[in-house]
Amino acid sequence: MSWQGELNKYLASAYKNWIISKRNVFTLFELFFWPMISLLSIGLLTRFLNVGPGMVSFLLVGAIALTILQVAQIDVAYVLLFDMWSKSIKNTFIAPIKSYHLVFGALLFGIVRGSVVFAILVIVSHYLFGFDFLRGGPLPVLIFLAGVFSVAAVIGITVCISILTFGQKADVAAWSLSGLILLVSGIYYPAEVLPPALQMLARAIPLTYFLEYYRSVFIPGPHNLALGAVLAALYLSVGLILFDRSIERARRTGILLRLSE
Amino acid sequence: MAPGKARALASEEVDKVIMADKSVECKGICKSYQRLFGSGTMVLKDISLDIDAAEIFGLLGPNGSGKTTLISIFSTLIYPEQGHLRIMGLDAKRDKDVIRKLINISSAKPNFPWSLTVKENLRHYGMLYGLHGSTLAKTVEDQIDAFELGEYRDMKFEDLSTGLKQRLSLAKAMLNRPRLLFLDEPTTGLDPDMSMKTRLLIQRIHHEQGVSVVLSTHYMPEAEMLCDRIAFLRKGEIVALDTPQNLKNHLGLGERVVVRYVGPMDIAKLEEVPGVLSVTAVSGRAEIVIDRSTENLDRIIKLFSRANILDISIKEPDLEDVFLELAR
């Protein structure tokens, strides 16, 4: 198959997600409403608590990271959720495609949507709260975004695996997993304040390292970006392998057919 | 593997497909739907059959007999627990990636992403099959034309009638120019005109493009018109496998003589006539099933001598009778 044909296998998922999103009024909520609610509530909290610029940057970096993570991860999860809700999953898996076609195609669209949300939040946080997110220059921003998007891909893959393993009821995972990330990966507080067991969990989540890295732009402090990058690459690779295995398992158990009926 | 070797392997596989005289070879296929915890329900039991590439093969059976499951296994959507399966000469387990490029399926209850239009759905699935550029655009337009979807091209899937959804499903099944086409109840929901057009199209695809077809159907005239051979499934097992004509002949279903009459008639005497298999009489209408009408018709008509015969008709058994007999 030509490279254009192979490329289109990836773009198919981005194309589907784009069409569905542009026809869904709730996309506006995902792109504007909830991100703004998140940013404004945290920004106003910093005013109420009358915290210094360092703490403002700490909290707003967390709020922006969580928001773009949620937008991008749901786009990856949508690659199966839309098929499951419309009971068309068999048409996808009868085609000669692999898990990585689905994941990276959907992630591409997630990166576009996440980047739009990111741009909006950076502008709004600058004008309303005087926070200059881009102070560190383009490279740290790109590294930070790459980290957030890779974690989003891992969460999205986990949702897809849950659907293929547990069936339709597992779609709740699409909105629950980012809640777990919020709790343990140092979004609004440093991982050090967590109980020891949860600190170990936090150290196993790459987002913790990417947050520490980007916050060091505003509040100089230690970080281990390399470990975060290695963990993200490892989880993404393992996630794709497990996604492939869960597809094979769903073919063996027949769940792929049941999800289409 | 070096790129050159990969191309050579793909070429060998394609040759194998071209040379294959069987579209499906399966032996001892068993399938149950497993649950995450606990045991599953057995839906296919020891299915063995060979389907020639040159034939249109039909799967018949009542609801829940396992037709959709068997087609899903043949199309590699799901895997059997036991048994061996070869599709177009390729091992269904080892060569599944190659097989998926060469087959397609149209489902009985077609579902596609709701908010995508007809054209967008075809485009999306065309992309999944690796079509691109002008080939993708032309293939989509060709299928829209072939299945008369032109005026609905910009209509969302959720707004389509059942018949239009079925046509879209058939159009999607032809996107990758499959060598083997699985059609699960392809005319369900279509009006008589579109059903006939679809059947003619299936015949044309088979005869002109050399596409092997395996279909399941509830419509006996459809099976009789299209299928060279039929497997009849009941409770996950093949209970009959033959040509439509042989199925009718071998089951000894008899011919159906229907007599409408006015006046006295002793129904009990009809049942005593040699060769009469059954008699059903209700308000001036007697339906008599006999095994050889030419030999026994005269005796039957003589029994109606005291009555006034209004009408008499003889009907050979059709697949509907086969279905009813086998589904018992």
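Each remark here, short or long, concerns the structure printed above.
## A look at the nonpolar core
Part 1 of the reasoning: Counting residues in hydrophobic clusters, the biggest one holds 116 residues, and the most contacted among them are L80 and F243 of chain A together with V24, F74, L85, I87 and F182 of chain B.
Part 2 of the reasoning: Among the elements that take part in this core, helix α3 (residues 53-85) of chain A stands out by supplying nine residues, more than any other.
Part 3 of the reasoning: When sequence neighbours within four positions are dropped, the list of residues in contact with L85 of chain B reads V24, E25, C26, I29, I73, F74, L90, D91 and A92 of chain B.
Part 4 of the reasoning: Among the nonpolar cores identified, the runner-up in size contains 41 residues, and V61, V117, V148 and F149 of chain A belong to it.

## Focus on the layout of surface pockets
Part 1 of the reasoning: Approximately 540 Å³ is the volume attributed to the second largest pocket.
Part 2 of the reasoning: In terms of lining, the second largest pocket is formed by 26 residues, of which the most central are E261 of chain A together with T68, A108, K109 and D184 of chain B.
Part 3 of the reasoning: Of all the secondary-structure elements, those providing two or more residues to the lining of the second largest pocket are α4 (89-93) and α11 (255-258) of chain A together with α2 (67-74) of chain B.
Part 4 of the reasoning: Here the lining of the second largest pocket gets three residues from one element, more than from any other, and that element is α2 of chain B.
Part 5 of the reasoning: Looking at the lining of the second largest pocket residue by residue, the classes come out as five nonpolar, 13 polar and eight charged.

## Looking at unusual backbone geometry
Part 1 of the reasoning: Phi is positive for K87 of chain A, close to 55°, though the residue is something other than glycine.
Part 2 of the reasoning: Tracing the sequence through the fold places K87 of chain A in the loop between α3 and α4.
Part 3 of the reasoning: The residue T76 of chain B is not glycine, and still its phi comes out positive at about 65°.
Part 4 of the reasoning: Inspection of the secondary structure puts T76 of chain B in the loop between α2 and β4 (82-87).

## Comments concerning empty space enclosed by the protein
Empty pockets left among the atoms are what a rolling probe the size of a water molecule brings to light.
All names here are of chain B.
Part 1 of the reasoning: Considering all chains together, one arrives at one cavity of 30 Å³ or more under this definition.
Part 2 of the reasoning: Each pocket or cavity is described by its volume, and for the largest cavity that value is around 50 Å³.
Part 3 of the reasoning: Surrounding the largest cavity, F147, L170, M174, L181, L183, T198, L201, I202 and I205 form its lining.
Part 4 of the reasoning: If you list the elements that add at least two residues to the lining of the largest cavity, you get β7 (180-184) and α7 (192-209).

## A look at α7 of chain B
Residues and elements named next belong to chain B.
Part 1 of the reasoning: For α7, with 18 residues, the first-to-last C-alpha span of 25 Å sits near the 26 Å given by 1.5 Å per residue.
Part 2 of the reasoning: All buried positions along α7 are accounted for by M194, S195, T198, R199, L201, I202, I205 and H206. The buried residues of α7 occupy an angular sector of 160° when the element is viewed end-on, so they sit on one face. What points out from α7, more than 90 degrees from its buried face, is the exposed set P192, H207 and E208.
Part 3 of the reasoning: Against β3 (56-60), α5 (133-146), α6 (162-173), β7, β8 (212-216) and α8 (220-226) lie the buried residues of α7.
Part 4 of the reasoning: Trailing α7 by a residue or two, G210 shows a phi angle of about 70°, which is positive.

## A word on the pattern of salt bridges
Part 1 of the reasoning: Within the structure shown, the criterion is met by 21 salt bridges over all chains.
Part 2 of the reasoning: Among the ionic pairs, E120 of chain B bridges to R23 of chain A, the shortest N-O distance being 2.8 Å. Separated into two different chains, E120 of chain B in helix α4 (residues 118-128) and R23 of chain A in the loop between α1 (3-22) and α2 (26-48) make up a pair that spans both.
Part 3 of the reasoning: When its relative accessible area of 12% is taken as the criterion, E120 of chain B is described as buried.
Part 4 of the reasoning: A salt bridge links R204 of chain B to E208 of chain B; its shortest N-O distance comes to 3.9 Å. Highlighted residues: R204 of chain B and E208 of chain B, both in helix α7, separated by four residues, approximately one helical turn.
Part 5 of the reasoning: R204 of chain B gets classed as partly exposed once you look at its relative accessible area, which sits at 44%.
Part 6 of the reasoning: Look at the salt bridges and you will find they share partners, linking E30, D75 and R113 of chain A into a network.

## Concerning helix α10 (residues 225-253) of chain A
Residues and elements named next belong to chain A.
Part 1 of the reasoning: The terminal C-alpha atoms of α10 lie 41 Å apart, and with 29 residues this matches the ideal 42 Å at 1.5 Å per residue to within 8%.
Part 2 of the reasoning: Among all positions of α10, only G228, L231, A232, L236, G239, L240, F243, S246, I247, A250, R251 and T253 are buried.
Part 3 of the reasoning: Of the residues trailing α10, G254 is marked for its positive phi of about 90°.

## Some words on the interface of chain A and chain B
Part 1 of the reasoning: In this complex, chain A contributes 41 residues to the contact, which on the side of chain B involves 40 residues.
Part 2 of the reasoning: The largest contributions to the chain A side of the interface with chain B come from Y15, I94 and R251 of chain A, which together make up 19% of the buried area.
Part 3 of the reasoning: The tally of links between chain A and chain B comes to two salt bridges.
Part 4 of the reasoning: The residue D97 of chain B makes a salt bridge to K98 of chain A at a minimum N-O spacing of 3.0 Å.
Part 5 of the reasoning: One can count 14 residue pairs in polar contact (both at pLDDT 80 or more) joining chain A with chain B.
Part 6 of the reasoning: Elements with a contribution of two residues or more to the side of chain A that touches chain B: α1, α3, α4, α6 (138-166), α10 and α11 of chain A.
Part 7 of the reasoning: Per-element accounting of the side of chain A that touches chain B gives the leading share, eleven residues, to α1 of chain A.

Reading guide: rules and limits
Residues numbered from 1 in each chain as written. Chains lettered and ligands numbered in written order. Predicted model: local features only at pLDDT ≥ 70, side-chain atom pairs only at ≥ 80, totals over all residues. Heavy atoms only, no water. Core = buried A, V, L, I, M, F, W, Y, C linked by side-chain atoms within 4.5 Å. Buried < 20%, exposed > 50% of the residue type's maximum accessible area, 1.4 Å probe, protein only. Helix = DSSP H or I, 4+ residues; strand = E, 2+ residues; numbered from the N terminus. Contact = heavy atoms within 4.5 Å. 1 Å grid on protein atoms, 1.4 Å probe; cavity = no way out; pocket = protein on both sides within 12 Å on 5 of 7 lines; lining within 4 Å. Points joined across faces, edges and corners; volume = space filled by probe spheres on them. Nonpolar A, V, L, I, M, F, W, Y, C, P; charged D, E, K, R; others polar. Expected span 1.5 Å × (residues − 1). Arc of directions from axis to C-beta. Salt bridge = Lys/Arg side-chain N within 4 Å of Asp/Glu carboxyl O. Buried area = accessible area lost by both parts, 1.4 Å probe. Polar contact = N/O pair within 3.5 Å; in protein donor to acceptor, adjacent residues only side chain to side chain.

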